[in-house]
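Each chain is listed here by its residues.
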Amino acid sequence: MEHKVALCIPTYERSEIVKDFLVKCSDYYFKEGIDIYYYDSSMNDDTEEVVNNWKEKEHLFYLRFPPEVEGDEKACLIYQCYGHKHDYDFVWLSNDAYQIQPQTLHLLMTNLLPEYDMVNITPQKQDYDHNGL
């Protein structure tokens, strides 16, 4: 069963991690039907440039906030579906350094059920990379 999922990633001054995720992971996330949103409050434009210059525009979105907007505020906005371009069955809040492996992502997506209110993902180390550039 296909579900509309928004992967929402708060970030701050970590354009290299954003770029690494897009290079390594975005293709298989998009193939799973996941839209990716970056909620950025960086002081510079580096993350915005990385996202806006990415080849895939249909499923990748960028939202800019003032530098004073911290992670918890961005998380609250994410759960309010702030800036979403579509309606979603699931909103996924993720650390900007997590990179779920393709097989794990596919397993997760194929096991989502519409009656779920919340899914807590606690994968084993082999299921994800944590990029701490």
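What you are looking at is a predicted structure, and each value in this text was computed from that prediction instead of being measured.

A.B. asks: Help me out: how do you make sense of a negative patch on the surface in this one?
C.D. replies: Judged by side-chain charge, Glu13, Glu16, Asp46 and Glu49 come together as a negatively charged surface patch. Structurally, glutamate 49 is set in helix 3 (residues 46-52).

A.B. asks: Would you mind going over the packing of aromatic side chains with me for this structure?
C.D. replies: Aromatic ring pairs are reported here in terms of the distance separating the ring centres and the angle at which the planes meet. Summed over the entire model, instances satisfying the criterion amount to seven aromatic pairs. Pairing tyrosine 37 with tyrosine 88 gives two aromatic rings, centres 6.0 Å apart and planes at 85 degrees, and the pair type is edge-to-face. With a gap of 51 residues between them, tyrosine 37 in strand 2 (residues 34-40) and tyrosine 88 in the loop between helix 4 (71-79) and strand 4 (90-93) connect regions that are remote in the sequence. Each member of the pair, tyrosine 37 as well as tyrosine 88, carries the same accessibility label: buried. Arranged with centres 5.8 Å apart and planes meeting at 45 degrees, the rings of phenylalanine 65 and tyrosine 82 form a pair that is tilted. With a gap of 17 residues between them, phenylalanine 65 in the loop between strand 3 (60-64) and helix 4 and tyrosine 82 in the loop between helix 4 and strand 4 connect regions that are remote in the sequence. The class for tyrosine 82 is partly exposed, based on a relative accessible area of 42%.

A.B. asks: I'm lost on unusual backbone geometry in this one. Help?
C.D. replies: Working note: non-glycine residues mostly have negative phi, and peptide bonds are mostly trans. Not every positive phi belongs to a glycine, and glutamate 13 is a case in point at roughly 55 degrees. If you trace the backbone, glutamate 13 turns up in the loop between strand 1 (5-11) and helix 1 (15-24). Residues other than glycine seldom take positive phi values, yet cysteine 81 does so here, at roughly 65 degrees. Within the secondary structure, cysteine 81 sits in the loop between helix 4 and strand 4.

A.B. asks: Quick question: what am I supposed to make of the side chain of aspartate 35 here?
C.D. replies: Mapping aspartate 35 onto the fold places it in strand 2. Classification of aspartate 35 by relative accessible area gives buried; the value is 0%. Only 2.5 Å separates the side chain of aspartate 35 from the side chain of histidine 59, close enough to count as a polar contact. Here the side chain of aspartate 35 touches tyrosine 88 through a polar contact of 2.5 Å, side chain to side chain.

A.B. asks: How do you make sense of the pairing of strand 4 when you look at a structure like this?
C.D. replies: Regular strands place their side chains on alternate faces of the sheet. Here strand 4 shows a clear split, with Phe90 and Trp92 buried on one side and none of Val91 and Leu93 buried on the other. Pairing geometry for strand 1 and strand 4, over four bridges, is parallel. What sits directly across from leucine 7, in strand 4, is tryptophan 92.

Conventions we followed
Residues numbered from 1 in each chain as written. Predicted model: local features only at pLDDT ≥ 70, side-chain atom pairs only at ≥ 80, totals over all residues. Heavy atoms only, no water. Patch = residues over 30% accessible without salt bridge, like charges linked within 9 Å, V, L, I, M, F, W, Y side chains within 5 Å. Areas by Shrake-Rupley, 256 points an atom, 1.4 Å probe, with all protein chains shown as cover. Salt bridge = Lys/Arg side-chain N within 4 Å of Asp/Glu carboxyl O. Lys, Arg positive; Asp, Glu negative; His and termini not counted. Charge placed at Lys NZ, Arg CZ, Asp CG, Glu CD. Helix = DSSP H or I, 4+ residues; strand = E, 2+ residues; numbered from the N terminus. Phe/Tyr/Trp six-rings, centres within 6.5 Å; stacked < 30°, edge-to-face > 60°. Buried < 20%, exposed > 50% of the residue type's maximum accessible area, 1.4 Å probe, protein only. Polar contact = N/O pair within 3.5 Å; in protein donor to acceptor, adjacent residues only side chain to side chain. Pairing = 2+ DSSP bridges.

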